[in-house]
Amino acid sequence: MSATIDAFPLARAVHLDCAPAGFGRYLVGDRVVLVDGRYLRCGCPDHLIRGAECKHLLATRLNCGDPDVVRAVRALIAEPAQRRRVAA
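Residues numbered from 1 in each chain as written. Predicted model: local features only at pLDDT ≥ 70, side-chain atom pairs only at ≥ 80, totals over all residues. Heavy atoms only, no water.

Participant: Before we go on, may I ask you to explain a nonpolar patch on the surface in this structure?
Facilitator: A cluster of nonpolar side chains, namely Leu27, Val32 and Leu34, defines an oily patch on the protein surface of about 230 Å² accessible area. Counting through the fold element by element, valine 32 comes out in strand β3 (residues 31-36). (Patch = residues over 30% accessible without salt bridge, like charges linked within 9 Å, V, L, I, M, F, W, Y side chains within 5 Å. Areas by Shrake-Rupley, 256 points an atom, 1.4 Å probe, with all protein chains shown as cover. Salt bridge = Lys/Arg side-chain N within 4 Å of Asp/Glu carboxyl O. Helix = DSSP H or I, 4+ residues; strand = E, 2+ residues; numbered from the N terminus.)

Participant: I keep staring at the pairing of β3 and nothing clicks. Help me out?
Facilitator: Consecutive residues of a regular strand have side chains that alternate between opposite faces of the sheet. One ladder, built from 4 bridges, connects strand β2 (residues 25-28) with β3; its direction is antiparallel. Across the sheet, the residue bridging to tyrosine 26 is valine 33, located in β3. Pairing of β3 with strand β4 (residues 39-42) involves 4 bridges; the strand directions are antiparallel. Each bridged residue has a counterpart across the sheet, and for valine 33 the counterpart in β4 is cysteine 42. Linkage of β3 to β4, two consecutive antiparallel strands, is achieved through a turn of 2 residues, within which glycine 37 is found at a positive phi near 70 degrees. (Pairing = 2+ DSSP bridges.)

Participant: Can you walk me through the confidence of the model for the chain in this structure?
Facilitator: Low pLDDT means the predicted coordinates in that region are not meant to be read closely. Taken as a whole, the chain shows an average pLDDT of 87; of its residues, 85% reach a score of 70 or greater. Here residues 84-88 scores under 50 on pLDDT; set against residues more than four positions off or in separate chains, the count is 0 contacts. (pLDDT = per-residue confidence, 0-100. Contact = heavy atoms within 4.5 Å.)

Participant: Can you walk me through the pattern of salt bridges in this structure?
Facilitator: It is possible for side chains bearing opposite charge to pair when their charged atoms get close. Scanning all chains against the criterion turns up 6 salt bridges. Overlapping salt bridges bring together Glu53, Arg61 and Asp66 as one network.

Participant: I keep staring at the state of the cysteines and nothing clicks. Help me out?
Facilitator: Linking two cysteines covalently via their sulfur atoms produces the bond known as a disulfide. Summed over the entire model, instances satisfying the criterion amount to 0 disulfides. No disulfide involves cysteine 42; its nearest neighbouring cysteine sulfur is the one of cysteine 44, lying 3.8 Å away. Counting only cysteine sulfurs, cysteine 44 is the nearest neighbor of cysteine 54, a cysteine outside any disulfide, at a range of 3.6 Å. On the basis of relative accessibility, which here comes to 1%, the residue cysteine 54 falls in the buried class. (Disulfide = S-S within 2.5 Å. Buried < 20%, exposed > 50% of the residue type's maximum accessible area, 1.4 Å probe, protein only.)

Participant: Explain the environment of phenylalanine 8 here, please?
Facilitator: Looking at the secondary structure, you find phenylalanine 8 in helix α1 (residues 7-13). In sequence terms phenylalanine 8 and leucine 76 are 68 residues apart; their C-alpha atoms lie 9.8 Å from each other.

Participant: Got a minute to help me understand the sheet that holds strand β1 (residues 18-22) in this structure?
Facilitator: One open sheet accounts for 4 strands, arranged β1-β2-β3-β4; its pairing is antiparallel. Only two strands of the sheet have a single partner each, and these edge strands are β1 and β4. Mean inter-strand twist for the sheet, computed between neighbouring axes without regard to direction, equals 30 degrees. Taken together, the 4 bridges between β1 and β2 define a ladder with antiparallel strand orientation. (Axes fitted to C-alpha atoms, helices over the stretch in contact; angles between N-to-C directions.)

Take a look at the structure:
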């Protein structure tokens, strides 16, 4: 998994509905994510208070096809399967 993408919010992001809402906005779950060029902003506490890349931002990046996030999701999916093979 990519060192810059936290697995916990990523695992939650793949389950969120994400839809373009026009004018650089995406509706992600119950939040609105603003996209301004390469910068994304969310109003959730994880992003506002902690400054973390929250599940809403990751869901938006995934919806937009960000190769780093897609690669991280593939690694997240493959990780449990690798553990099962080793344990068997």
